[in-house]
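Okay, here's what each chain looks like letter by letter:
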Amino acid sequence: MQRILIVGSPGAGKSTLSHEVARRLDLPLIHLDRHYWRPGWVASDEARFRAEVAGIAARPAWVMDGNYGATLDLRLPRADLLVLCDPPRLLCLARVLRRRWVHRATPRSDLPAGCPERIDLEFLRYVWHYPRRSRHRVFAALDVATPRPALVRLRRRADVRRWLATLPTA
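Bear in mind that the values here come from a model prediction, so they are computed numbers and not experimental data.

Relative to the elements of secondary structure, Arg-75 occurs in helix H4 (residues 72-75). Here Arg-75 occupies a buried position and makes no salt bridge, while the nearest side chain of opposite charge, Asp-73, is found at 7.2 Å. Within the structure, Arg-75 has its side chain in polar contact with the backbone oxygen of Asn-67 (distance 2.2 Å). For Arg-75, the contacting residues outside a window of four places in its chain are Leu-5, Leu-32, Val-53, Ala-57, Trp-62, Met-64, Gly-66, Asn-67 and Tyr-68.

What follows concerns the packing of helix H6 (residues 121-133) against helix H7 (residues 135-144). Taken N-terminus to C-terminus, the directions of H6 and H7 make an angle of 40°; their axes are 5 Å apart at the nearest point. When the axis of H6 is compared with that of H7, the two are oblique. On H7, the residues touching Tyr-130, Pro-131, Arg-132 and Arg-133 of H6 are Arg-135, His-136, Arg-137 and Val-138. When grouped by side-chain class, the residues that make up the contact of H6 with H7 number three nonpolar, one polar and four charged.

Both the distance between ring centres and the angle between the ring planes are used here to describe each pair of aromatic rings. Evaluated as defined, the whole model comprises six aromatic pairs. Judged by centre distance (5.2 Å) and plane angle (70°), the rings of Trp-37 and Trp-41 are edge-to-face. Note that Arg-89 overlies the ring of Trp-128, its terminal NZ or CZ placed 4.3 Å from the centroid.

Conventions and cut-offs
Residues numbered from 1 in each chain as written. Predicted model: local features only at pLDDT ≥ 70, side-chain atom pairs only at ≥ 80, totals over all residues. Heavy atoms only, no water. Helix = DSSP H or I, 4+ residues; strand = E, 2+ residues; numbered from the N terminus. Buried < 20%, exposed > 50% of the residue type's maximum accessible area, 1.4 Å probe, protein only. Lys, Arg positive; Asp, Glu negative; His and termini not counted. Salt bridge = Lys/Arg side-chain N within 4 Å of Asp/Glu carboxyl O. Polar contact = N/O pair within 3.5 Å; in protein donor to acceptor, adjacent residues only side chain to side chain. Contact = heavy atoms within 4.5 Å. Axes fitted to C-alpha atoms, helices over the stretch in contact; angles between N-to-C directions. Parallel < 35°, antiparallel > 145°, perpendicular 65-115°, else oblique. Nonpolar A, V, L, I, M, F, W, Y, C, P; charged D, E, K, R; others polar. Phe/Tyr/Trp six-rings, centres within 6.5 Å; stacked < 30°, edge-to-face > 60°. Lys NZ or Arg CZ within 6 Å of the ring centre and 35° of its normal.

Now the structure itself:
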């Protein structure tokens, strides 16, 4: 496994898991949020972002975390493995609220400079509706990806622990 794509709802544990997987496998870590967002939470130009993601996905090795469904067609065919972090939505909501509290004064390493942790009603709605509105898009993109990467779906903390136990430790 040289290219591992990690997706899931906000608060699902993507960034935490991607850090650990990259460390264990000694692979470069890519947080797509750092490439998409500009200071002040300004979104990148879509064409420029797609071109940047295509270049990143073409690299020989990476652990990449981030949803960005509009670029799954670029990333899935290059990935050896797709990891879907899929815990219950209430746990995701609790985690984003906790994360906001923890990072109220210090920036998160997976976000670009000038983009402090924030929560608003739109974001909370996105987290709540992710299972119904977004998860199926991941599966649909996976169904048409050629070649198709292997899939690991992690729903519980025990699933994460069991899967991590199959990876080497650095």
